[in-house]
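# Understanding the architecture of this molecule
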Amino acid sequence: MQVTLPDGSVKPFDDGRSARDVAASIGEGLAKAAIGARVDGELYDVNRPLPGDCELAIVTAPRLDKKGRSKWRDEQHEKDALYLLRHSCAHVMAEAIQRLWPDTLLAYGPPLDNGFYYDLKLDTPISSDDFEKIETEMKKIVEEQRRFTRYDLPADEGMAKLKEEGNKYKIDNAQRALEGGAETLSWYVTGDLEPGQPSHWEDLCMGPHVPSTGAIAALKVMSVASSHWHGDVNADRFQRVYGTAFFSPADLDDYLEKQEQARQRDHRVIGPKLGLFAIDEKVGQGLILWKPNGAIVRQELQNFISLHLERQGYKQVFTPHIGKLDLYKTSGHYPYYQDSQFPPLIDQDQIKLLASEGCSCGELSNRMNDGDIEGYMLKPMNCPHHIRIFASDKHSYRDLPIRLAEFGTVYRWEQSGELGGMTRVRGFTQDDAHLFVTEDQLDAEVGGCLELVKIVFATLGMDDYRVRVGLRDPDSDKYVGEAAQWDKAEAACMKAAESLGVPFSAEPGEAAFYGPKIDFVVKDVIGREWQLGTVQVDYQLPQRFDLSYVGADNAEHRPVMIHRAPFGSMERFIGVLIEHFNGAFPLWLSPEQARVLPISDKFVGYAEKVRDKLKDAGLRVTLDAGNDRLNAKIKVAQEAKVPYMLVVGGKDEAAGTVSVRHRSEGDRGAQPLERFVEEVTAERDERRLG
């Protein structure tokens, strides 16, 4: 077989050789460091036989710097190595739990971006009090440095084995794997290959894993939560135990420190405390109630982006919250994303009539999918509505580009276990826009969209970001349209990403079903990454809706669509901002920009004049005329994250000054009221960070 290495060189090897054999042919040190491989884009065990001619990159354990922290070649190296490590540690945790609670039934245990979890069926509740003893058992397994070994069985033999063992969850997992195209079933053994031996433990698993448990240098059980089989609240309930693992204790310490910072910055705590938003069970999970302070932040952001939309020639539109089911069938959102959408709304008279005719729920669903029954949907996307606005008029090439913008609310049926404050919700508003352009205008218009995203990030001090270009997977049937059109759209996205001058990666398989996309992944002040703004190039929806414009040749031509949302979801974006700023928004975004604090009742009259002066300048200001001592008033204002506290007393009244206190800098001393107003309005109008 011919193995192509990352440097482009090609080496011949006997069939059946593994990635470790390839590494050994390059050098003993590489073979020793190897923990896995990426083979034709797929992660492999380092000892698994290669499939034949392939492209191969060796995945190694990281080197450590002088402080014991991992050093990575690149982002892909880190991602691959941690995936292998954490997938392996999930097995170690599952074995440890079964040692402690032998009646545990295992369901599913995948790695995550920040760790791993395992879903367990166990009648005994696991609590945080049990974490230490679980970790103790896990460390014993790690210290034993037991090997991970894969074996495969033919489908019928594997299913017979599982049925004999009697774990219905593993049987279901296996059936799904076979339905998905797997020809065999695979297990991973930890330790002795002989069943029944004390050091033998195995789990049905597709892999891959690190060579042995000894690769796990640092681990921790993080939390436990409830979950349900396949996310269905009506299905079996599990305990989901979360953990994490790293290649060095220093990496784990850094992670735990960031987790503590994240806990202190949690928008789900800070937001309600500052009166920004509420989530009410009587309204519904994943549905945000914007309180007055939060509405101010949201409106300021909308006003800010609207100025730039007007400058770039966008037109504001409004569309309804629902649309006919056929609209989303034409666009492809239904049924492509059927599982993540709210159920269709059907006329009750139709339901009663069909029920009286003996129509079952399954038949009703089939007839609805076939178009026999008219229905409506809570809109999952704004784009079909904007398309119909474009289609409502005839257009000439002279009219293009047409840029339609809307702060449009959309609805997605997220599973209850996936909801999280403002960052994962069921109803959210996008700063959405759709541009209808000619092919000749495409590059310039994509550039204009990227300019908006850059302006947003620069204004908010979010300068540390990378770009991810989602491309189609040529082997997948998920994507619609002609390859030539995809090539043009992907070329436009790649060219635009290169123009930004920031790190970017091309990721096949991550495109939307109708076109490639440019996603912006922002790193916040404590190093966490968030996917925020997006720009997408789309040749397909104009075709599906038969859109056209009249060209210079007086013939009909198809426009190209650009989808773009610099903020993305307003809910998610503001949730991220709350944590990024720890609730202390820049002045222009702060719900309350100044608070006047008279040192006693005698100076309330002057305090009112100060307040009114600031209000006249358009500032959001309040007056604390309560009977509390000044220090208590300052403490309350600090906790409310108010940027400026203006202390006023007799000297201030006599001199026409205010004693300025800043929430982070402390006492700035007295200054003339007029000068303070001038300086603070300039800070607001220039949208300074602080």
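Use the structure listed above.
The sections below set out a description of the structure shown in this document. (Residues numbered from 1 in each chain as written. Predicted model: local features only at pLDDT ≥ 70, side-chain atom pairs only at ≥ 80, totals over all residues. Heavy atoms only, no water.)

With that out of the way, let us pick up the overall build of the protein. Regarding its fold elements, the protein presents 22 helices and 34 strands. In the protein, which comprises 690 residues, the share counted as buried stands at 51%. For the protein, the proportion of contacts with a sequence separation of at least 24, taken over those separated by at least 6, is 69%. Accessible area for the protein stands at about 32800 Å²; split by element, carbon and sulfur atoms hold 48% of it. With 85 positive and 110 negative side-chain charges, the protein shows a separation of 6 Å between the mean positions of the two kinds. (Helix = DSSP H or I, 4+ residues; strand = E, 2+ residues; numbered from the N terminus. Buried < 20%, exposed > 50% of the residue type's maximum accessible area, 1.4 Å probe, protein only. Contact = heavy atoms within 4.5 Å. Areas by Shrake-Rupley, 256 points an atom, 1.4 Å probe, with all protein chains shown as cover. Lys, Arg positive; Asp, Glu negative; His and termini not counted. Charge placed at Lys NZ, Arg CZ, Asp CG, Glu CD.)

Taken as a whole, the second largest pocket encloses approximately 350 Å³ of empty space. Lining the second largest pocket are 17 residues, and of these Leu30, Ala33, Ile58, Thr60 and Arg73 sit closest to its centre. Secondary structure elements with two or more residues in the lining of the second largest pocket: α2 (28-33) and β5 (54-60). Considering each element in turn, the lining of the second largest pocket owes the most residues, 4 residues, to β5. Considering only residue class, the lining of the second largest pocket consists of 10 nonpolar, 3 polar and 4 charged. (1 Å grid on protein atoms, 1.4 Å probe; cavity = no way out; pocket = protein on both sides within 12 Å on 5 of 7 lines; lining within 4 Å. Points joined across faces, edges and corners; volume = space filled by probe spheres on them. Nonpolar A, V, L, I, M, F, W, Y, C, P; charged D, E, K, R; others polar.)

The subject of this paragraph is the packing of aromatic side chains. According to the stated counting rule, one finds 17 aromatic pairs in the structure shown. Centre to centre, the rings of Trp229 and Phe238 are 5.7 Å apart; their planes meet at 75°, and the pair counts as edge-to-face. Grouping residues by exposure puts Trp229 and Phe238 together as buried. Geometrically, the ring pair formed by Phe513 and Tyr514 is edge-to-face, given 5.0 Å between the ring centres and 80° between the ring planes. Comparing Phe513 with Tyr514 shows no difference in burial state: the two are buried. Members of the aromatic cluster, each reached through a chain of ring pairs, are Tyr169, Trp229 and Phe238. Positioned above the aromatic ring of Phe246 is the side chain of Arg86, whose terminal nitrogen or guanidinium carbon lies 4.7 Å from the ring centre. Taking NZ or CZ as reference, Arg240 lies 3.9 Å from the ring centre of Tyr117, over its face. (Phe/Tyr/Trp six-rings, centres within 6.5 Å; stacked < 30°, edge-to-face > 60°. Lys NZ or Arg CZ within 6 Å of the ring centre and 35° of its normal.)

Let's shift gears to unusual backbone geometry. Cis geometry marks the peptide bond from Gly207 to Pro208; its omega dihedral reads 0°. By secondary structure assignment, the location of Pro208 is in the loop between β12 (200-204) and β13 (218-228). Here the residue pair Leu400 and Pro401 is connected by a cis peptide bond, since its omega of 5° sits within 30 degrees of zero. Tracing the chain through its elements places Pro401 in the loop between α14 (383-391) and β21 (402-411). Its identity as a non-glycine residue notwithstanding, His230 has a phi of 60°, on the positive side. Turning to its location among the elements, His230 is positioned in the loop between β13 and β14 (237-246). Within the chain, Asn582 stands out as a residue other than glycine whose phi angle is a positive 55°. Mapped onto the elements, Asn582 comes out in the loop between α18 (570-580) and β30 (594-598). We classify Asn582 as partly exposed; its relative accessible area is 25%.

A word on the side chain of Arg86. Looking at the secondary structure, you find Arg86 in helix α3 (residues 75-100). For the buried Arg86, no salt bridge exists, and the shortest N-O distance to an oppositely charged side chain is 7.0 Å, to Glu78. Within the structure, Arg86 has its side chain in polar contact with the backbone oxygen of Asp113 (distance 2.9 Å). What Arg86 contacts, discounting residues up to four positions off in sequence, is Pro111, Leu112, Asp113, Asn114, Gly115, Phe116, Thr244, Ala245 and Phe246. (Salt bridge = Lys/Arg side-chain N within 4 Å of Asp/Glu carboxyl O. Polar contact = N/O pair within 3.5 Å; in protein donor to acceptor, adjacent residues only side chain to side chain.)

What follows covers the pattern of salt bridges. Counted under the stated rule, the structure contains 44 salt bridges. A salt bridge links Asp443 to Lys495, with the nearest nitrogen and oxygen atoms 3.0 Å apart. Residue Asp443 is located in helix α15 (residues 442-459), and its partner Lys495 is located in helix α16 (residues 483-499); the two are separated by 52 residues in the primary sequence. Residue Asp524 pairs with Arg528 through a salt bridge whose shortest N-O separation is 2.8 Å. Both residues of the pair, Asp524 and Arg528, belong to the buried class.

Here we come to helix α19 (residues 604-616). Compared with the 18 Å implied by 1.5 Å per residue over 13 residues, the 18 Å span of α19 between its first and last C-alpha is a close match. Turning to α19, its buried residues are Val604, Tyr606, Ala607, Val610 and Leu614. Looking straight down α19, one finds that the buried residues subtend no more than 160° of arc, so they occupy a single side. Opposite the buried face of α19, by more than 90 degrees, sit the exposed residues Lys609 and Asp616. Taken together, the buried residues of α19 touch β30, β31 (621-623), β32 (644-648), α21 (650-655), β33 (657-662) and α22 (673-685). Immediately downstream of α19, the backbone of Gly618 shows phi near 85°, a positive value. (Expected span 1.5 Å × (residues − 1). Arc of directions from axis to C-beta.)

Spatially, β2-β1-β5-β3-β4 is the arrangement adopted by the 5 strands of the open sheet, whose pairing is mixed. Both outer strands of the open sheet, β2 (10-12) and β4 (42-45), are each paired with one neighbouring strand and no more. The mean inter-strand angle of the sheet, taken between neighbouring strand axes irrespective of direction, is 35°. The pairing of strand β1 (residues 2-4) with β5 spans 2 bridges and is parallel. Across the sheet, the residue bridging to Thr4 is Glu55, located in β5. Helix-sheet contacts for helix α1 (residues 19-26) involve β2, β3 (34-39) and β5, and the interaxial angle to β5 is about 80°. This element, α3, spans β3, β4 and β5 of the sheet and lies at about 75° to β5. (Pairing = 2+ DSSP bridges. Axes fitted to C-alpha atoms, helices over the stretch in contact; angles between N-to-C directions.)

Residue placement: Asp113 occurs in the loop between β8 (105-108) and β9 (116-121). Counting along the chain gives 98 residues from Asp113 to Pro211, while the straight-line C-alpha distance between them is 21 Å.

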